[in-house]
Amino acid sequence: MAPTRAEPFSDSSALIDFVINQGNGVKGLSEMGLNALPRQYIQPLEERMCMINIKAQESIPIIDMSNPDDPEVAKLICEAASKWGFFQIINHDVPIEVLENVKDATYKFFGLPAEVKNKYSKEHSSSNNVRFGTSFTPQAEKALEWKDYLSLFYVSEEEASALWPLACREQVLDYMRKSEVVIKQLLKMLMKGLNVNEIDETKESRLMGSMRTNLNYYPKCPNPELTVGVGRHSDVSTLTILLQDEIGGLFVRENNGDNWIHVPPIKGSLVINVGDALQIMSNGKYKSVEHRVVANGYNNRISVPIFVNPRPSDMIGPLPELIKDGEKPIYKQVLYSDYVKHFFRKGHDGKKTIEFAEL
Ligand SMILES: COc1cc(/C=C/C(=O)SCCNC(=O)CCNC(=O)[C@H](O)C(C)(C)COP(=O)(O)OP(=O)(O)OC[C@H]2O[C@@H](n3cnc4c(N)ncnc43)[C@H](O)[C@@H]2OP(=O)(O)O)ccc1O
Ligand SMILES: O=C(O)CCC(=O)C(=O)O
Ligand SMILES: [Fe+2]
């Protein structure tokens, strides 16, 4: 028998008011103990994860970083970034307690009362650099996504001290600081793989001139098979460093085909993925790959990505070193903030964002 769809909200504006305007998020919906998913979250069939498309025997590479100067490690990383766009690193330099602390802080922030979290919403936040929200871009989406988030754009320690929520401020800053070593190691190897041996100031700005950390909260869902946690997308970053908890649910598209590969949680590991900005700068050598998160009917899940980006004011395009040898550029020069605004203006649509930079 089909589940009874008892609608707890009289209409869409009542649901939007509860979830978005009052700051209850999907966490608030989940905690109401609904027996069916509100219709606003029902995704079209083609956007739901289908079991037959999950390739259980495949795995993205798992790379041991205990010897970062070993040329074999650099080779594995460059291969993974070209072939998969996704890999996990183990035995890296970010201490496990830093990772555990940021996960605890994520629970602490989302455990705050709705009216406290709502102070950081788009409508109420005192800065565009701190934003509590839900779904991806609710005003532009055909169906909403089952996720709440806090997004923290780093400008300076002073600004973070003044504006970031106390519940997670120090833990996120520590996670970002400690990750910087690993980010630099990875970018150095990836640049060497393109025969770019020197990262000068301009290049460093384009590769890692800005950082945004998101705290993602995916509450337990009444009909997980009908919705998504995050829809199909590629990140617009240079690289993303993602910490996930032990629940699982992140899937990566295999070779542009119909199959999806699960990214199994490994305690202490970090998931690394190439973003569109690096695909553009490498003139397509490194690939930003589509990924998505399924909703879960039994458990809450959290993840904490650090998006490593160019500065918003940077122009990005294929690196001059790649073009000088007569290679044809496949992307034009674009202002990075225009690129990101284009991404945020529409719902998740797989790999379509990069068409914005195609020649
Ligand atoms: C949320 O769920 C997500 C997120 C993601 C993210 C993946 C990434 O790769 S994030 C890395 C993005 N890169 C950067 O943030 C660095 C560069 N930053 C910038 O260029 C700017 O800060 C800016 C993001 C373009 C904002 O510039 P600003 O001048 O302040 O423009 P606004 O008018 O405020 O914003 C434009 C437009 O974007 C929406 N928006 C802004 N920030 C966020 C945010 N953190 N999360 C969601 N949406 C955001 C904003 O609402 C505006 O839209 P309007 O319709 O209101 O005009 C991957 C997957 C996910 O599920
Ligand atoms: O939660 C995850 O595992 C991935 C989230 C994600 O893809 C994103 O925030 O861009
Ligand atoms: Fe992502």
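Residues numbered from 1 in each chain as written. Chains lettered and ligands numbered in written order. Predicted model: local features only at pLDDT ≥ 70, side-chain atom pairs only at ≥ 80, totals over all residues. Heavy atoms only, no water.

The line we're drawing: UniProt positions are given in the numbering used here, feature names are shortened, and annotations may be inferred rather than shown by experiment.
An unreviewed UniProt entry lists the protein under the name Fe2OG dioxygenase domain-containing protein, from Gossypium stocksii. The Cofactor (unreviewed entry) field of the UniProt record for the protein holds the comment "L-ascorbate". In the Sequence similarities (unreviewed entry) part of its UniProt record, the protein is described as follows: "Belongs to the iron/ascorbate-dependent oxidoreductase family."

### As for the site of ligand 2
Stated formally: Any residue with a non-hydrogen atom lying within 4 Å of a molecule or strand is treated as near it. Pairs of N or O atoms are called polar contacts if they sit within 3.5 Å, as long as, within protein, a hydrogen donor faces a hydrogen acceptor (for residues adjacent in sequence, only side-chain-to-side-chain pairs). Where accessible areas are quoted, they stem from the Shrake-Rupley method and a 1.4 Å probe; at the residue level, only the protein chains shown are allowed to cover. What counts as a helix is a DSSP run of H or I of at least four residues, what counts as a strand is a run of E of at least two, and both are numbered from the N terminus. Charged means Asp, Glu, Lys or Arg here, nonpolar means Ala, Val, Leu, Ile, Met, Phe, Trp, Tyr, Cys or Pro, and polar covers whatever is left, Gly included.
Every residue close to ligand 2 is listed here: Asn216, Tyr218, His233, Asp235, Leu242, Leu250, His291, Val293, Arg301, Ser303, Pro305 and Phe307. Here histidine 291 contributes a side-chain N or O atom positioned 3.0 Å from an oxygen atom of ligand 2. Arginine 301 is positioned such that a nitrogen or oxygen atom in its side chain is 2.8 Å from an oxygen atom of ligand 2. Across the complex, the protein chains shield 94% of the 290 Å² of accessible surface that ligand 2 would expose by itself. If you tally residues by element for the shell around ligand 2, the top one is strand E12 (residues 301-309), at 4 residues. Looking at the shell around ligand 2 residue by residue, the class counts come to 6 nonpolar, 4 polar and 2 charged.

### Considerations on the sheet that holds E12
Note the threshold: Any two strands with at least two DSSP-identified bridges between them are counted as paired. For helices, the fitted line uses only the C-alpha atoms of the stretch in contact; every axis is such a line through C-alpha atoms, and the angle between N-to-C directions lies from 0 to 180 degrees.
Taking strand neighbours across the sheet as the criterion, the 8 strands line up as E1-E2-E10-E7-E12-E5-E4-E3 in an open arrangement whose pairing is mixed. In this open sheet, the two strands that pair with only one neighbour each are strand E1 (62-64) and strand E3 (130-134). Across the sheet, the axes of successive neighbouring strands diverge by a mean angle of 25 degrees, strand direction being ignored. In this structure, E1 lies alongside strand E2 (residues 86-90), joined through 3 bridges in parallel fashion. Paired with isoleucine 62 across the bridge in E2 is glutamine 88.

### A closer look at the site of ligand 1
Inspection of the region around ligand 1 gives 27 residues, with Lys122, Asn128, Arg131, Lys147 and Arg212 positioned closest. Between serine 151 and ligand 1, the recorded distance is 3.0 Å, taken from a side-chain N or O atom to a nitrogen atom. The contact in question runs from a nitrogen atom of ligand 1 to an N or O atom on the side chain of asparagine 309, over 3.5 Å. Coverage of ligand 1 by the protein chains reaches 83% of its 1100 Å² of free accessible surface. Counting only elements with at least two residues in the shell around ligand 1, the list comes to strand E4 (148-153), strand E5 (210-218), strand E6 (230-233), E12 and helix H11 (336-344). Per-class residue counts for the shell around ligand 1 are 11 nonpolar, 10 polar and 6 charged.

### Some thoughts on the packing of helix H3 (residues 71-83) against helix H7 (residues 169-192)
Counted only if it meets this: These descriptions rest on fixed angle ranges, namely under 35 degrees for roughly parallel, over 145 for roughly antiparallel, 65 to 115 for roughly perpendicular, and the rest for oblique. Residue contacts follow a heavy-atom distance rule, with two residues in contact if any of their heavy atoms lie within 4.5 Å.
For the pair H3 and H7, the least separation of the axes is 9 Å and the interaxial angle reads 80 degrees. In terms of their interaxial angle, H3 and H7 are classed as roughly perpendicular. Here Val73, Ala74, Ile77, Cys78 and Ala81 of H3 come into contact with H7, specifically with Leu186, Met189 and Leu190. When grouped by side-chain class, the residues that make up the contact of H3 with H7 number 8 nonpolar, no polar and no charged.

### Considering a negative patch on the surface
Put simply, the rule is: Here, patches come from residues exposed beyond 30% relative accessible area and free of salt bridges, joined within 9 Å for like charges and within 5 Å for nonpolar side chains (Val, Leu, Ile, Met, Phe, Trp, Tyr). Any Lys or Arg side-chain nitrogen found within 4 Å of a carboxyl oxygen on Asp or Glu counts as a salt bridge. His is not counted here, nor are the chain ends, while Lys and Arg score as positive and Asp and Glu score as negative. Note that the charge is assigned to NZ on lysines, CZ on arginines, CG on aspartates and CD on glutamates.
A cluster of acidic side chains, namely Glu198, Asp200, Glu201 and Glu204, defines a negative patch on the protein surface. Within the secondary structure, glutamate 198 sits in the loop between H7 and helix H8 (201-208).

### Thoughts on the UniProt feature "domain: Fe2OG dioxygenase" (unreviewed entry) in the protein
In the UniProt entry, the feature "domain: Fe2OG dioxygenase" (unreviewed entry) is given for residues 209-310. The distance separating the terminal C-alpha atoms of residues 209-310 is 5 Å; by composition the span is 6% helix and 42% strand.

### What about the environment of leucine 29?
This is how it is decided: Here the term buried applies to any residue with accessible area under 20% of the maximum for its type, exposed to any over 50%, and partly exposed to those in between, with areas from a 1.4 Å probe on protein chains only.
Position of leucine 29 among the secondary structure elements: in helix H2 (residues 25-31). With a relative accessible area of 0%, leucine 29 lands in the buried category. In the structure, leucine 29 is positioned 206 residues away from aspartate 235 in sequence and 27 Å away in space, judged by C-alpha atoms. If we skip the residues at most four places from it in the chain, leucine 29 touches Phe9, Leu15, Phe18, Val19, Leu34, Pro38, Tyr41 and Trp146.

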